[in-house]
Each structure stands twice: as structure tokens, then as C-alpha cells.
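Secondary and tertiary structure notes
Residues per chain are reported as follows:
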Amino acid sequence: MARRQEFLPYALPLIEDDDIAGVVDSLKSDWITKGPKTLEFEKEFAAYVGAKHAVAVNSCTAALHLALVAAGIGPGDEVITTPFTFAASANVIIHTGATPVFADIDPITMNIDAEQIKAKLTSRTKAIVPVHIAGHPCDMDGILALARQHNLFVLEDAAHAVYTQYKGRMIGSISNATAFSFYATKNLVTGEGGMVTTDDPGLADKIRVLSLHGMSRNAWNRYTASGSWFYEILYPGYKYNMTDIQAALGLSQLAKLERLQAVRRGIAAQYNEAFGNMPELEIPVELDYARHAWHLYVLKLNLAKLKTDRNQFIEELKAEKIGTSVHFIPVHLHPYYRDTFGYQPGDFPRAAETFERILSLPLYPRMSDQDRLDVIEAVKRVAERSRS
Ligand SMILES: *Cc1c(COP(=O)(O)O)cnc(C)c1O
């Protein structure tokens with residue numbers, strides 16, 4: 001019988017009184033779509049990551065898509081990304097009309113491997129989209145060196161990497177553009193939301209215009225006393241803007257991010273301590289150059305030391321009332337990608353093999369001390385029972 005009575009979900013957002021007060025304030029302000037709070041959130045977020053510009057949008061997927069479109073990526077181009085990611089990182093490449101090309105991962109960090117990227121470069125390669133999986137930064141020096149040599153646009157998918165640093169530099173301040181997610185399960189939440197950061201003023205302007213129908217002026221510039229009714233459509237743009245209701249939540253969440261990150265780090269350290277000596281389990285790394293955001297705690301099973309597989313391990317944890325998830329099913333295994341591009345699992349063997357042995361444990365600031373102990377005890381019990 002499970003020791004726990006109540007099921008522990010693998011992720012839950014933390015919404016506190018200050019978050020609620022901020023949203024209520026925005027609802028009472030008469031300005032509920034993109035307006036002053038969104039502009040303030042953009043400014044504060046840019047300052048936080050050390051970027052010159054930030055454009056708030058309604059998801060990280062929109063942020064990725066717009067950055068590629070604004071960079072001029074389109075039909076006939078190839079964009080290199082990792083198969084070991086959420087499908088959005090590759091879907092957006094297809095949305096632009098370009099072709100996604102996968103490069104396999106470094107099995108330790110599970111991030112895209114610069115050496116593998118090198119092997120995939122062609123005369124059509126225009127961009128690289130590295131993804132900082134779980135919040136551990138990619139080998140950015142290796143990626144940026146290739147980009148410089150081959151004149152490629154680098155767009156980081158930082159959906160997991162708000163707070164992440166690479167060699168002491170904040171993710172969001174390093175390459176041509178960086179996309180963040182504020183989806184419900186992420187480290188900083190606005191329900192749905194995203195942000196692009198860049199130091200390039202032209203790119204930022206183009207993304208801003210594209211995010212709101214391609215209009216020369218947004219509503220804030222038109223409907224206020226100092227505004228004018230006139231606008232022009234400069235591009236056939238998208239409807240990807242953030243709202244002030246979301247931005248209000250973003251501002252209060254950003255204000256306490258450092259405190260919440262310290263809690264995440266504490267939970268990860270507790271798990272590392274508990275599982276570090278168990279031969280059945282391999283704990284996540286934080287390499288010398290990294291400050292990990294601990295968005296996910298991805299445990300790898302040593303399948304040779306277990307008589308069960310990952311799926312069975314997850315079922316047994318569920319019976320112990322511990323929720324888990326798997327990040328990620330490699331993109332090349334999904335039916336669309338498999339059938340369209342004719343991929344076999346072994347085309348990206350490290351991603352495919354890693355997928356068979358991973359699970360993500362609950363890791364979020366709302367967890368109580370007892371929740372953490374319950375996870376540790378349950379994982380130990382299941383691992384010991386499954387020893388081969
Ligand atoms: C969550 C996630 C996205 C998409 O973020 P949305 O804000 O939901 O669009 C993109 N890439 C990765 C790696 C993600 O985990």
C-alpha cells in the first residue's frame with residue numbers, strides 16, 4: 001500500500017496573494033490587453049536577463065516563430081535543432097516554411113551537441129535553435145563558434161532557462177535572440193505567455209510589429225489621449241501579443257523569482273543527495289560552466305541494473321501516489337516527423353536511448369518538506385524492489 005494518501009502532481013504553479021493583487025489591479029485599470037503593464041514587464045525582464053530589448057508575446061512557441069520570421073528564415077532554408085525537445089521547437093521551423101534538421105545530443109546534459117551540429121551543416125543552413133533542456137545551459141561557445149564561421153542566426157529556446165547562466169552570463173543576453181516560456185508549468189508563469197530577448201533593435205522592432213498584425217502602431221499608441229487613429233500594415237503579421245492581465249502576473253512572479261529558484265535548488269540538492277549513491281539511478285549534472293534553473297529534475301534509470309523498464313517504474317511511482325512525467329518523447333519519433341521525413345529511432349540514437357531511461361520527478365516551490373521526503377522514499381522503494 002502507498003504511504004501517501006493524496007496524489008502528488010509532477011508540477012503545480014505557485015500563485016500567491018501578491019500575484020492575485022497584481023492581476024486584480026490590472027482588471028480594474030480599464031486596460032486589459034497589451035498596454036502599460038506589458039511594457040513594464042518587458043523592461044523589467046530585459047533588465048533581469050541583461051538584454052537590450054524584450055518583446056512579450058502569448059507563448060514561447062510564438063516567440064520562437066516570430067524570431068525566425070523576423071530573421072528572414074523561410075522556404076528553402078534549413079534550421080538545425082535538437083530532437084530531444086518539446087515539439088514546438090521544431091514545429092515553428094516548419095511554420096516558417098523552412099526545414100528542420102536534427103543534430104543528436106550530448107547524453108550527459110541531454111542538450112544538442114555542437115559536434116553533431118557541425119556534421120549537419122549545408123549551404124542551406126541558416127539558423128541553429130539550441131534548447132537548454134531542464135534548465136541546464138547548452139555548450140554555447142561551441143554553438144556560437146559554428147554560427148560565426150558559417151554566418152548563422154542563433155535562437156535559443158529558453159523555455160526551461162529563465163535564471164540559467166552560462167559561464168556567468170544570463171541566458172537571454174548571449175546569442176541573436178532568446179525565447180522564454182511562461183506556460184503554467186514553467187519556473188515563471190503567466191498562465192500562457194512568452195518573451196523574446198535580443199540586443200538587436202531592428203530585430204526587436206520587427207518582432208514587435210509582427211506580433212500585432214504587422215501594424216505600425218499598437219492599440220496603446222492609438223487609443224490613449226496622446227494617440228492617433230492612423231496605422232498601416234507593414235507585414236501580414238500575427239496575433240501573438242501578451243495581455244496586461246498576463247503581464248501583471250509576470251511582474252509579480254519575476255519579483256520573487258530568485259527566492260523561488262533557491263527553493264528549487266534546495267529540492268534538487270536533496271534529491272541528488274538521496275539518489276547519488278544508488279547504482280540503479282543516475283542523477284542530473286550541473287557542469288562547471290552552468291547555473292542550472294532546475295526547471296525539471298530528470299532522473300535517468302540504469303536499465304541494466306533494473307528488471308523493470310521506465311514505463312513500469314512510472315506506474316509503480318503512481319501506485320505510490322507520486323506523479324511524474326517524461327521530458328521528452330524525441331521529436332523524430334512522433335508520427336508527423338517520422339512519416340514526413342522517414343526517420344527511424346536510430347537516426348538520433350543518443351536521443352532515442354536517453355528517452356527510454358528518463359523520468360521527471362516533482363520539483364516546484366509549493367512542495368512541502370513532507371512531499372519531498374515522500375518522493376525520495378517512494379523512488380528508493382521502487383528502485384530497490386526493481387533491482388535485477
Ligand atoms: C514549454 C516549451 C515550449 C513551448 O512553450 P509555450 O509557452 O507553451 O509555447 C517550447 N520549448 C520547450 C523546450 C518547452 O518546454
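For clarity, every value in this text was computed on a predicted model and none was experimentally measured. (Residues numbered from 1 in each chain as written. Predicted model: local features only at pLDDT ≥ 70, side-chain atom pairs only at ≥ 80, totals over all residues. Heavy atoms only, no water.)

A short note on the overall build of the protein
Filter applied, for reference: Strands are runs of DSSP state E lasting at least 2 residues, helices are runs of H or I lasting at least 4, and numbering of each runs from the N terminus. Computation of the radius of gyration draws on C-alpha atoms alone. For the globule rule, the value is 2.2 Å times the number of residues to the power 0.38. Only protein chains enter the calculation, and the probe is 1.4 Å; a residue is then buried if its accessible area is under 20% of its type maximum, exposed if over 50%, and partly exposed in between. Every accessible area reported is derived by Shrake-Rupley at a probe size of 1.4 Å, with residue values counting cover from the shown protein chains alone. In this count, Lys and Arg are taken as positive residues and Asp and Glu as negative ones, while His and the chain termini are left out. Here the site of a charge means atom NZ of a Lys, CZ of an Arg, CG of an Asp or CD of a Glu.
From N to C terminus, the protein includes 14 helices and 13 strands. Against the globule reference of 21 Å for 388 residues, the protein gives a C-alpha radius of gyration of 21 Å, in line with a compact fold. Structurally, the protein occupies a C-alpha span of about 70 × 55 × 35 Å along its principal axes. For the protein, the proportion of its 388 residues judged to be buried stands at 56%. Summed over all atoms, the accessible surface of the protein reaches about 16300 Å², with 52% contributed by carbon and sulfur. Of the charged side chains in the protein, 40 are positive and 45 negative, and the gap between their average positions amounts to 1 Å.

Here's the deal with the pattern of salt bridges
The cut-off we apply is this: By definition, a salt bridge exists where a carboxyl oxygen of Asp or Glu is found within 4 Å of a side-chain nitrogen of Lys or Arg.
Overall, the coordinates contain 23 salt bridges when judged by the stated rule. Among the ionic pairs, Lys 34 bridges to Glu 42, the shortest N-O distance being 3.4 Å. One connected set of salt bridges, linked through shared partners, spans Glu 16, Asp 18, Asp 19, Lys 256 and Arg 259.

Examining the site of the ligand
Keep this limit in mind: Only heavy atoms are used to decide nearness, and a residue is near a molecule or strand if one of them lies within 4 Å of it. Counted as a polar contact is a pair of N or O atoms within 3.5 Å, where, for protein atoms, one must be capable of donating a hydrogen and the other of accepting one, and residues adjacent in sequence contribute only when both atoms are in side chains. Under the grouping applied here, Gly and all other residues not named as nonpolar or charged are polar, the nonpolar ones being Ala, Val, Leu, Ile, Met, Phe, Trp, Tyr, Cys and Pro and the charged ones Asp, Glu, Lys and Arg.
Around the ligand, the surrounding shell holds 15 residues, and the nearest of these are Thr 61, Asp 157, His 160, Ser 181 and Lys 186. Cys 60 is positioned with one of its backbone polar atoms (N or O) 2.9 Å from an oxygen atom of the ligand. Relative to its free-state accessible area of 390 Å², the ligand is covered by the protein chains to the extent of 92%. Partitioning the shell around the ligand into residue classes produces 6 nonpolar, 7 polar and 2 charged.

Notes on the packing of helix α3 (residues 60-70) against helix α7 (residues 201-210)
Note the threshold: Where helices are involved, their axes are fitted lines through C-alpha atoms of the stretch in contact, as for all axes, and angles between N-to-C directions lie from 0 to 180°. The scheme is simple: roughly parallel for angles under 35 degrees, roughly antiparallel for over 145, roughly perpendicular for 65 to 115, oblique for anything else. Less than a right angle of anticlockwise turn of the near helix away from the far helix marks a crossing as left-handed, whereas a clockwise turn marks it as right-handed. Note on contacts: a residue pair qualifies if any of its non-hydrogen atoms lie within 4.5 Å across the two residues.
Between α3 and α7, the shortest axis-to-axis distance is 9 Å and the interhelical angle comes to 120°. One element, α3, and the other, α7, form an angle in the oblique class. Along this stretch, α3 crosses α7, giving a crossing that reads as right-handed. On α7, the residues touching Leu 66, Ala 67, Val 69 and Ala 70 of α3 are Leu 203, Lys 206, Ile 207 and Leu 210. Of the residues that constitute the contact of α3 with α7, the class distribution is 7 nonpolar, no polar and 1 charged.

Topic: the nonpolar core
Counted only if it meets this: In plain words, nonpolar cores are sets of buried Ala, Val, Leu, Ile, Met, Phe, Trp, Tyr and Cys residues tied together by side-chain atoms within 4.5 Å.
By size, the foremost hydrophobic cluster in this structure holds 41 residues, and its most contacted members are Phe 41, Phe 45, Ile 143 and Phe 180. For this core, the elements supplying multiple residues, two or more each, are α2 (36-49), β1 (53-57), α5 (114-120), α6 (140-150) and α9 (244-255). Not counting residues within four places of it along the chain, the set of residues in contact with Ile 143 comprises Ile 112, Ala 114, Ile 117, Ile 128, Pro 130, Cys 138 and Val 154.

Some points on the domain arrangement of the protein
We count it as follows: Either an automatic procedure or a domain database provided the assignment from which the domain bounds are taken. Note on terms: buried area is the combined drop in 1.4 Å-probe accessible area of two parts once they are placed together, counting the loss on both.
The domain boundaries assigned to the protein delineate domain 1 (17-255) and domain 2 (257-386). For domain 1 and domain 2, the distance between their C-alpha centroids amounts to 26 Å. Taken residue by residue, the interface counts 46 residues in domain 1 and 34 residues in domain 2. Buried area between domain 1 and domain 2, summed over both chains or domains, comes out near 3500 Å², and the portion from carbon and sulfur atoms is 63%. With a closest N to O distance of 3.0 Å, Asp 113 and Arg 350 form a salt bridge. For the pair domain 1 and domain 2, the interface holds 21 residue pairs in polar contact (both at pLDDT 80 or more). Mapped by element, the contributors of at least two residues to the side of domain 1 that touches domain 2 are α4 (88-95), β3 (99-102), α5, β6 (165-166) and α9. Class assignment of the residues belonging to the side of domain 1 that touches domain 2 gives a composition of 26 nonpolar, 13 polar and 7 charged.

Remarks on the sheet that holds β6
Rules: The criterion for strand pairing is that DSSP finds at least two bridges linking the strands in question.
Strand order in the open sheet formed by 3 strands is β7-β6-β11, with antiparallel pairing between adjacent strands. The open sheet has two edge strands, β7 (169-170) and β11 (290-291), and neither has a second partner. Two strands pair when backbone bridges link them, and β6 and β11 are joined in this way by 2 bridges, in the antiparallel orientation. Opposite Tyr 166, over in β11, you have Ala 290 as the bridge partner.

Brief notes about unusual backbone geometry
Going from His 327 to Phe 328, the amide bond is cis rather than trans, its omega being 10°. By secondary structure assignment, the location of Phe 328 is in the loop between α11 (310-319) and α12 (335-341). A positive phi angle is found at Lys 167, which is not glycine, with a value near 50°. Relative to the helices and strands, Lys 167 resides in the loop between β6 and β7. Within the chain, His 213 stands out as a residue other than glycine whose phi angle is a positive 65°.

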